Amino acid sequence: MPNSTIAGLGHYIPKRKVTNSDLEKMMETTDEWIVERTGIKARHWADLDTDSTSNMGTKAALMALENAQLAPSDVEFIIFCTLSPDYNFPGGGVMVQEQLGLDTVGALDIRNQCSGFLYGLSVADQFIKTGMYKTVLVIGSEIHSSGLDISTRGRNVAVIFGDGAGAAVLTATNQTDKGILSTHLHSQGKFAEELMVIEPSSTSRCRNEFSPERMFPIMNGSAVFKHAVTRFPEVIMEALAKNGYSASDISLLIPHQANLRISQFIQKSMKLSDDQVYNNIMHYGNTTAASVPIAMLEAFQNGKIKEGDLICLAAFGSGFTWASALIRW
Ligand code: COA
């Protein structure tokens, strides 16, 4: 059975940097409040004249392909993960397929919010392990900025999220000691309403008369925090146990960049050192499906991921959904 390895990573960060002091001009908030509660100092917002969720994903994918020394024509399947697609339907995967100039390769969209990229990675891994495909593109891309309530009313959510895209090219290898060792996926729909956007919804009788407030994200911040700090360590330990490892064996944990306080909580409860956990939420905010591949690429570029390392990815978010992946690099 072939294994899947990450052959290349890419990202695209929109140019416009929005600092906490920029947000202070839009709503009643302070740099101090945001840094203390979330660790975030800045995020990037897309330019809607030129950026779209799909074309940001395509740019990240092209970088990942270049880093893997592959051409778009090598891609056999596309998995596109987002909660903020260009259109309500069709999904962004087909847009990427067209933008990459691929003829008729399959494209699948994943709607799993913050754990989307990990769900995508797991699906890609299964396709490669069964021999169905040898090269699969997994993309996470989000434009949050156009859907946030940037008035004081929406400040508890608006300060957290940022825009960006990340991508990974997975390829098949016959090396048994390298690649994705296992993935672990979970969900608990009874908490669906703790972090959600209601509209556009098929349950609204007259879809063109919904109120704009129902299009903004609603979040029960303390419930999200409470579940996240339990589920992250749980799903990381599940991956380690499945492969006969313990927390001290992790070379680098790359958690979904939900909130710096959540990452610090996980680090402390799992007794991991600063060198074992990668955080970059300070610069980008929470970019949902894009956060893990963006952080993974940065960690790689900064020399924090080396051949032979044991890398753990983990995510938690709306759904609730959560997931982990253990990789021998
Ligand atoms: N700036 C200033 N004040 C703010 C604010 C902001 N951006 N957002 C909320 N507040 C205010 C509230 O109105 C409230 O004021 P009050 O006491 O006068 O009513 C006060 O700050 C505390 O609000 P609360 O919501 O209780 O804050 P909190 O300590 O729970 O922190 C979060 C809020 C969102 C930072 C925190 O709950 C959290 O990090 N949750 C996890 C969120 C997350 O990670 N989401 C992504 C999941 S993938």
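Predicted model only: the values in this text are computed from it and were never measured.

Our next topic: the pairing of strand β7 (residues 164–173). Remember that side chains alternate between the two faces of the sheet whenever the strand is regular. In terms of burial, β7 is a largely internal element, nine of the 10 residues being buried. As paired strands, strand β1 (residues 3–12) and β7 are joined by nine bridges and run antiparallel to one another. The residue of β7 that forms the bridge with Gly-10 is Ala-167. Note: strand β6 (residues 135–142) against β7, eight bridges, orientation antiparallel. Following the sheet pairing, Val-136 is matched in β7 by Leu-170.

Let's shift gears to the packing of aromatic side chains. This model, assessed by the stated rule, comprises nine aromatic pairs. Between Phe-127 and Tyr-133, the ring centres sit 5.2 Å apart and the planes meet at 75 degrees, which makes this aromatic pair edge-to-face. By relative accessible area, which is 17% here, Tyr-133 ends up buried. Arranged with centres 6.1 Å apart and planes meeting at 35 degrees, the rings of Phe-316 and Trp-322 form a pair that is tilted. Each member of the pair Phe-316 and Trp-322 is classed as buried. Clustering of aromatic rings is evident, with ring pairs tying together Phe-191, Phe-232, Phe-316, Phe-320 and Trp-322.

Before going further, it helps to spend a moment on the sheet that holds strand β11 (residues 252–255). Read from one edge of the open sheet, four strands run β8-β13-β12-β11, paired in mixed fashion. Each edge of the open sheet is held by one strand with a lone partner, namely β8 (179–187) and β11. The mean angle between the axes of side-by-side strands here comes to 10 degrees, regardless of whether they run parallel or antiparallel. Looking at chain direction, β8 and strand β13 (residues 321–328) are connected through eight bridges and run antiparallel. Within the sheet, the bridge partner assigned to His-184 lies in β13 and is Ser-324. Against the sheet, helix α5 (residues 116–129) touches β8, β12 (310–317) and β13, its axis set at about 130 degrees to β8. Where helix α10 (residues 291–301) meets the sheet, its contacts fall on β11 and β12, and the angle it forms with β11 comes to roughly 150 degrees.

Turning our attention to a negative patch on the surface. Together, Glu-24, Asp-31, Glu-32 and Glu-36 give the surface a local cluster of negative charge. Element by element, the count of residues in the negative patch is highest for helix α2 (residues 31–38), at three residues. For Glu-24, the location among the structural elements is in helix α1 (residues 20–24).

In this section: the domain arrangement of the protein chain. In terms of domain boundaries, the protein chain breaks down into domain 1 (3–173) and domain 2 (179–328). Each of domain 1 and domain 2 has a C-alpha centre, and these two points are 14 Å apart. Listed by partner, the interface residues are 55 residues for domain 1 and 46 residues for domain 2. Around 3800 Å² of area is buried between domain 1 and domain 2 when both sides are counted, 66% of it from carbon and sulfur atoms. Scanning the region where domain 1 abuts domain 2 turns up zero salt bridges. At the junction of domain 1 and domain 2, the tally comes to 19 residue pairs in polar contact (both at pLDDT 80 or more). No other element matches the eight residues that α5 contributes to the side of domain 1 that touches domain 2. The residue inventory of the side of domain 1 that touches domain 2, partitioned by class, reads 21 nonpolar, 24 polar and 10 charged.

For strand β4 (residues 77–81), the buried fraction is high: five of the five residues fall into the buried class. Here β4 shows two buried faces, one formed by Phe-77, Ile-79 and Cys-81 and the other by Ile-78 and Phe-80. Across five bridges, the pairing between β4 and strand β5 (residues 106–110) is parallel. Note that in β5 the partner of Ile-78 across the bridge is Ala-107. Crossover handedness for the path β4 to helix α4 (residues 92–99) to β5: right-handed. Here β4 runs beside β6; their pairing, made up of five bridges, is parallel. Residue pairing in the sheet places Phe-80 in a bridge with Ile-139 of β6.

Rules and cut-offs
Residues numbered from 1 in each chain as written. Predicted model: local features only at pLDDT ≥ 70, side-chain atom pairs only at ≥ 80, totals over all residues. Heavy atoms only, no water. Buried < 20%, exposed > 50% of the residue type's maximum accessible area, 1.4 Å probe, protein only. Helix = DSSP H or I, 4+ residues; strand = E, 2+ residues; numbered from the N terminus. Pairing = 2+ DSSP bridges. Phe/Tyr/Trp six-rings, centres within 6.5 Å; stacked < 30°, edge-to-face > 60°. Axes fitted to C-alpha atoms, helices over the stretch in contact; angles between N-to-C directions. Contact = heavy atoms within 4.5 Å. Patch = residues over 30% accessible without salt bridge, like charges linked within 9 Å, V, L, I, M, F, W, Y side chains within 5 Å. Areas by Shrake-Rupley, 256 points an atom, 1.4 Å probe, with all protein chains shown as cover. Salt bridge = Lys/Arg side-chain N within 4 Å of Asp/Glu carboxyl O. Lys, Arg positive; Asp, Glu negative; His and termini not counted. Charge placed at Lys NZ, Arg CZ, Asp CG, Glu CD. Domains from an automatic or database assignment. Buried area = accessible area lost by both parts, 1.4 Å probe. Polar contact = N/O pair within 3.5 Å; in protein donor to acceptor, adjacent residues only side chain to side chain. Nonpolar A, V, L, I, M, F, W, Y, C, P; charged D, E, K, R; others polar. Right-handed = clockwise from strand over helix to strand, strands pointing away.

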